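# Commentary on secondary and tertiary structure
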Amino acid sequence: MKDQLGFRILLCSAIFIILTQNRALADLDSESHGVNSESVGEEEWEMVQRKGMQFTLNGQPFYVNGFNTYWMMTLAADNSTRGKVTEVFQQASAVGMTVGRTWAFNDGQWRALQKSPSVYDEEVFKALDFVVSEARKYKIRLILSLVNNWDAYGGKAQYVKWGNASGLNLTSDDDFFTNPTLRNFYQSHVRTVLNRVNTFTNITYKNDPTIFAWELMNEPRCPSDPSGDKLQSWIQEMAVFVKSLDAKHLVEIGLEGFYGPSAPVRTRFNPNPYAAQVGTDFIRNNQVLGIDFASVHVYPDSWISPAVSNSFLEFTSSWMQAHVEDAEMYLGMPVLFTEFGVSAHDPGFNTSFRDMMLNTVYKMTLNSTRKGGAGAGSLVWQVFPQGAEFMDDGYAVYLTRAHTASKIISLQSKRVAIFNSLCSWRCRWGCKKKNHTALDALLTHDEL
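Anyway, here's the lowdown on the structure attached to this text.

Time to look at the overall build of the protein. Looking only at helices and strands, the protein features 13 helices and 15 strands. Residues counted as buried form 61% of the 448 residues belonging to the protein. The long-range share in the protein, meaning contacts at least 24 apart out of those at least 6 apart in sequence, stands at 76%.

This is the structure we're talking about:
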């Protein structure tokens, strides 16, 4: 009985700290989506920083439970769908999520941000401004990705088309990484985004704490060069370029996490033999000057087999553990699992299996969090509001109707928030308080 009483006292204290320190967690009831959306005071809204293998905020560890919603700028560009962006932030905030990831690009496509090199649609840029300003209202920070590897929303293929239209003779989409003209096109886009003054907040993007990090590219691959040298050179140039414009914000590459030639022993963790041939190299790439943390994606249904099976969960655990170990042993930086999910289009899919996938990822991140380790958190792919089904790629999690998933996400948010609130940076490896056993129980308890 004394142990239970002590646990309840600690629990109450922890929840009180969270509620007073973090207004974004003031309403964690999944049935309610209201939050205090007043402007956040500058004294409360600081840049997230990195110290060793942890993110920090105001001297406290900052472990992440977050989400992806890639299409927010596109829907915000139309007044009839702009409200869906607000709903995303309302619902994500209501389950305690603190970081979102979205595109800061749309190159030459429908509702393009960049219509041609350095030519922008101001109305679409204002839509991106709105996304950033709404995130700030709900105390959610954003990872903004700057270009796509894939053809969707333009990507490197669109840059190659622009290059050929200007008189170049390019034959491969991978020329994006090596051609000087295309490198300049990309740098011009980066410069434009980072120097943009938000029309809603009047804050320059590169000075806005709402932005958690810049992502160089979504899922970069350069299969024409399995050695990885071409992509490595591009990362080296662009990481330093971004930092030359903005030394305040964190920078990450956008990698899926595949191991390459520099770590042949680690390639056994890859999901398939082809993964080592796509020109990426997780350890080598992330050792580049200017890269602050590593990203990893988790898609066993895309990489192993589309048919749902328990092998997905086994792969997920070993894949995540390997990257946490590498971040601690070789990189000395946080690793964020910036995309994970399972598609409703997979043969054998059911929501119970998706819940198992959520629990597996959250357990692996929490195992690192409890030690103050490099596993810095995860972002589910992807959170959707009702009424946005026409954008659903099969991975959408509708928080208002996926009640079990919503509860799992909310519980993970509470655990992360408790750890962030109770532990100070004075301890490098976690929270070595007198009541460490009770805290550990708190972080693993099934109900909070």
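Attention now moves to the packing of helix α5 (residues 155-165) against helix α6 (residues 180-194). Remark: α5 packs on α6, axes separated minimally by 10 Å, with the N-to-C direction vectors making an angle of 120°. As far as their axial angle goes, α6 and α5 are oblique. For the element pair α5 and α6, the recorded crossing hand is right-handed. Taken together, the residues of α6 that come into contact with α5 (itself represented by Y159, V160, W162 and G163) are L182, F185, Y186 and H189. Along the lines of polarity and charge, the residues of the contact of α5 with α6 split into six nonpolar, two polar and no charged.

The next subject is the environment of A127. Relative to the helices and strands, A127 resides in helix α4 (residues 122-137). Classification of A127 by relative accessible area gives buried; the value is 0%. C-alpha separation for the pair A127 and M73, spaced 54 residues apart in sequence, amounts to 5.4 Å.

A few words now on the sheet that holds strand β5 (residues 99-103). If you trace the eight strands from one edge of the open sheet to the other, you get β10-β9-β8-β5-β4-β13-β12-β11, paired in parallel fashion. Looking at which strands have only one partner, the edges of the open sheet turn out to be β10 (250-252) and β11 (294-298). Ignoring which end each strand starts from, the neighbouring axes of this sheet average 25° apart. Relative to strand β13 (residues 375-381), strand β12 (residues 335-340) runs parallel, the two sharing four bridges. Following the sheet pairing, V335 is matched in β13 by G375.

The next subject is the nonpolar core. W71, F89, Y186, L216 and W234 are the most contacted members of the largest nonpolar core, which totals 115 residues. Once residues lying within four places of it in the same chain are set aside, the contact partners of W234 are F176, F177, R183, Y186, L216 and M217. Among the nonpolar cores identified, the runner-up in size contains 14 residues, and V99, L250, F293 and L379 belong to it.

Under the definition given, this model contains 33 aromatic pairs. Where Y299 meets W303, the ring centres are 6.3 Å apart and the plane angle is 90°; that geometry is what we call edge-to-face. Judged on exposure class, the residue Y299 and its partner W303 are both buried. Among the aromatic residues, those joined into a cluster by ring pairs are F258, Y259, F282, Y299, W303, F315, W319 and Y395. The residue whose ring lies beneath R82 is F130, and the NZ or CZ to ring-centre distance is 4.6 Å. Positioned above the aromatic ring of Y398, the side-chain terminus of R401 is 3.8 Å from the ring centre.

Definitions and cut-offs
Residues numbered from 1 in each chain as written. Predicted model: local features only at pLDDT ≥ 70, side-chain atom pairs only at ≥ 80, totals over all residues. Heavy atoms only, no water. Helix = DSSP H or I, 4+ residues; strand = E, 2+ residues; numbered from the N terminus. Buried < 20%, exposed > 50% of the residue type's maximum accessible area, 1.4 Å probe, protein only. Contact = heavy atoms within 4.5 Å. Axes fitted to C-alpha atoms, helices over the stretch in contact; angles between N-to-C directions. Parallel < 35°, antiparallel > 145°, perpendicular 65-115°, else oblique. Left-handed = near helix turned anticlockwise from the far one by under 90°. Nonpolar A, V, L, I, M, F, W, Y, C, P; charged D, E, K, R; others polar. Pairing = 2+ DSSP bridges. Core = buried A, V, L, I, M, F, W, Y, C linked by side-chain atoms within 4.5 Å. Phe/Tyr/Trp six-rings, centres within 6.5 Å; stacked < 30°, edge-to-face > 60°. Lys NZ or Arg CZ within 6 Å of the ring centre and 35° of its normal.

Purely geometric numbers; function is a separate question.
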